[in-house]
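# Structural description and commentary
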Amino acid sequence: MSTARAYSVALVGVEGAIVEVEAAIGGGLPRMVSGRLADAPLGDALERRRAALQSQGLGWPAQLVTVNLSPATLPKAGSHFDLAIVTSVCAAAARFDPAVLNDMVLLGELGLDGRVHRVVWHAGRAP
């Protein structure tokens, strides 16, 4: 099983908190499992992320893909985790050296065509 991690941010009040986004590939039939994705839209967007990668010719791993966002105690809502999730999946699939993600925080919503959309926060609500 190969693993990789990227980092994103959860909005807690008016402050951001670092969220570790882990991806593991292998150990089961092809499907995607998500842990600690408390927000329903986060889990619902898994197929959209797969489509974004496939539209760029990168393909989705043909194995079990497990994604975890931690710590579990932070609220995690919004599509701005897309970029970190897909990037950690690509790193776990050995598409590039996972070490390049060590000093980055990734925020971005992915379109079905793979474009990264900017994140807009509005006062008083999560992205």
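As shown above, the structure is provided for reference.
Let us look at the structure shown here. Not measured: the values here are computed from a predicted model.

## Here we look at the pattern of salt bridges
Any two side chains of opposite charge can pair, on the condition that their charged atoms come close. Per the stated rule, a full pass over the model turns up six salt bridges. We note a salt bridge from D82 to R49, for which the minimum N-O separation is 2.7 Å. A residue pair is termed long-range when its members are at least 10 positions apart, and D82 in helix α3 (residues 82-92) and R49 in helix α2 (residues 46-55) qualify at 33 residues. Pair check on accessibility: D82 and R49 agree, each one buried. One salt bridge connects R115 with D113, and the closest N-O pair in it is separated by 2.6 Å. A relative accessible area of 34% means that D113 is categorised as partly exposed.

## Overview of the pairing of strand β1 (residues 2-12)
Pairing of β1 with strand β2 (residues 15-25) involves eleven bridges; the strand directions are antiparallel. Pairing of A10 across the sheet is with A17, part of β2.

Procedures and definitions
- Residues numbered from 1 in each chain as written.
- Predicted model: local features only at pLDDT ≥ 70, side-chain atom pairs only at ≥ 80, totals over all residues.
- Heavy atoms only, no water.
- Salt bridge = Lys/Arg side-chain N within 4 Å of Asp/Glu carboxyl O.
- Helix = DSSP H or I, 4+ residues; strand = E, 2+ residues; numbered from the N terminus.
- Buried < 20%, exposed > 50% of the residue type's maximum accessible area, 1.4 Å probe, protein only.
- Pairing = 2+ DSSP bridges.

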